[in-house]
Amino acid sequence: VAVTTRLLVSHLSGIRHYEKDIAKVKEEKEKANRAFKLTKPYQDKEQKEEGGKGIEKTDSVKPRKEHEGEVKSRNSKPGKRDKEFEQEEYYLKEKFGSVIESLKIFKNDPLFFKPGDQFLYSTYGFTLLSAVVERASGQKFTDYMLKMFRDLDMLSTVLDDNEAMIYNRARCYVYNKKGRLVNAPYVDNSYKWAGGGFLSSVGDLLKFGNALLYSYQAGQFKNTNDKLLPGYLKPDTVAMMWTPVPKTEVSWDRDGKYAMAWAVVEKKQQCGCCRQQRHYASHTGGAVGASSVLLILPEELDSEAIDAGLVAPPRGVIVSIICNMQSVSLNSTALKIAREFDKEKWSQ
């Protein structure tokens, strides 16, 4: 078989995640699908009722029904255990000298399916992706990334190196089996720099989101190109990254599909006075003792305003949340915040 970088970045490679038993992975997927099917009739009923009343569902839906597919284990209820965080490999304490060295964790394991056939979120897929970046760039992956963060003015984004003295590094927490708050256990994330090995701040993630949004929209401002600096990425590149890939799924938002390292919801409205689905891109993060989300809601640009030079990119809402608590659901909260700011803008 052939595993391409596009398959890796969209989690279609067949490389395992933390669970080594394919039977358990299939069982968990089936359970999630059954749970979604059971709640679907209630979602449809709510949409129809609100459609009749002329109420926009996006502003009134409850989190449970808005994103039923969001990872159940990430609820912030004290004492609730996340089965995924019961996997031993989350708690590795070995320090790896390079991303090539960390490939030994999974490189001899069989693929769970033929690449391109199915979707399976895989942190190790991104470990392999980081090795590809390292070989293609001719420099260490960590050096390559830190240079990029510096270019983007993300000066607070660093490696989660246990030995380094990092100013303002937060302490992380988990709930134990008795539902009590305790310090997160010691782990070494050097085996997964690309899939969860960086420390950052809300401000830096906002800069990252704005850089992507600017790059995405820059191509639409054709009449002001002489006044605008180019984006960090080409507009077509970001558009490709934010285009849903077939056969993918998103556990934290059933409205969306996975694209290239981003979950994407496309613009959609089936009928008048029904729920409006805005185009946005997001990604959640879960680690031992921490949770996060970055959500980008692009503004629907007015062509007349663009042509007249009245607006310039980036235009939209960026929401970043970082929580030093394990297993906290954040995507639906971020989406609500983004919609409130978006609604406020259009009401002015």
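- As recorded in an unreviewed UniProt entry, the protein chain goes by LACTB protein and comes from Uria aalge.

### Observations regarding the pairing of strand β8 (residues 290-298)
Step number 1: With respect to burial, β8 is a largely interior element, seven of its nine residues being buried.
Step number 2: Examined bridge by bridge, strand β7 (residues 280-287) and β8 share seven bridges and lie antiparallel to one another. Within the sheet, the bridge partner assigned to Ala281 lies in β8 and is Ile296.
Step number 3: Between β7 and the antiparallel strand that follows it, β8, lie two residues; Gly289 among them carries a positive phi value of about 85 degrees.
Step number 4: As paired elements, β8 and strand β9 (residues 316-323) share eight bridges and run antiparallel to each other. Bridge pairing in β9 links Pro298 to Gly316.

### Some remarks on the side chain of Thr123
Step number 1: For Thr123, the location among the structural elements is in helix α6 (residues 123-137).
Step number 2: Those residues in contact with Thr123 that sit more than four places away from it in its chain are His17, Tyr18, Lys192 and Gly195.

### Details of the pattern of salt bridges
Step number 1: Applying the stated criterion across every chain yields a total of 15 salt bridges.
Step number 2: Among the ionic pairs, Asp153 bridges to Lys207, the shortest N-O distance being 3.0 Å. Taken together, the positions of Asp153 in the loop between α7 (141-151) and β1 (158-159) and Lys207 in helix α9 (residues 202-218) put the pair 54 residues apart, joining distant regions of the chain.
Step number 3: Owing to a relative accessible area of 38%, Asp153 belongs among the partly exposed residues under this scheme.
Step number 4: The residue Lys343 makes a salt bridge to Glu340 at a minimum N-O spacing of 3.3 Å. Of this pair, Lys343 and Glu340 both sit in helix α12 (residues 331-347), separated by three residues, roughly a single helical turn.
Step number 5: Residue classification places Lys343 among the partly exposed residues on the basis of a relative accessible area of 39%.
Step number 6: The structure contains a network of salt bridges with shared partners spanning Arg16, Lys20, Glu89 and Asp109.

### Quick look at the confidence of the model for the protein chain
Step number 1: With 84% of its residues at a pLDDT of at least 70, the protein chain reaches an overall mean of 85.
Step number 2: Considering only residues more than four positions removed or in separate chains, one finds that residues 46-79, a stretch of pLDDT under 50, has 76 contacts.

Thresholds applied
Residues numbered from 1 in each chain as written. Predicted model: local features only at pLDDT ≥ 70, side-chain atom pairs only at ≥ 80, totals over all residues. Heavy atoms only, no water. Buried < 20%, exposed > 50% of the residue type's maximum accessible area, 1.4 Å probe, protein only. Helix = DSSP H or I, 4+ residues; strand = E, 2+ residues; numbered from the N terminus. Pairing = 2+ DSSP bridges. Contact = heavy atoms within 4.5 Å. Salt bridge = Lys/Arg side-chain N within 4 Å of Asp/Glu carboxyl O. pLDDT = per-residue confidence, 0-100.

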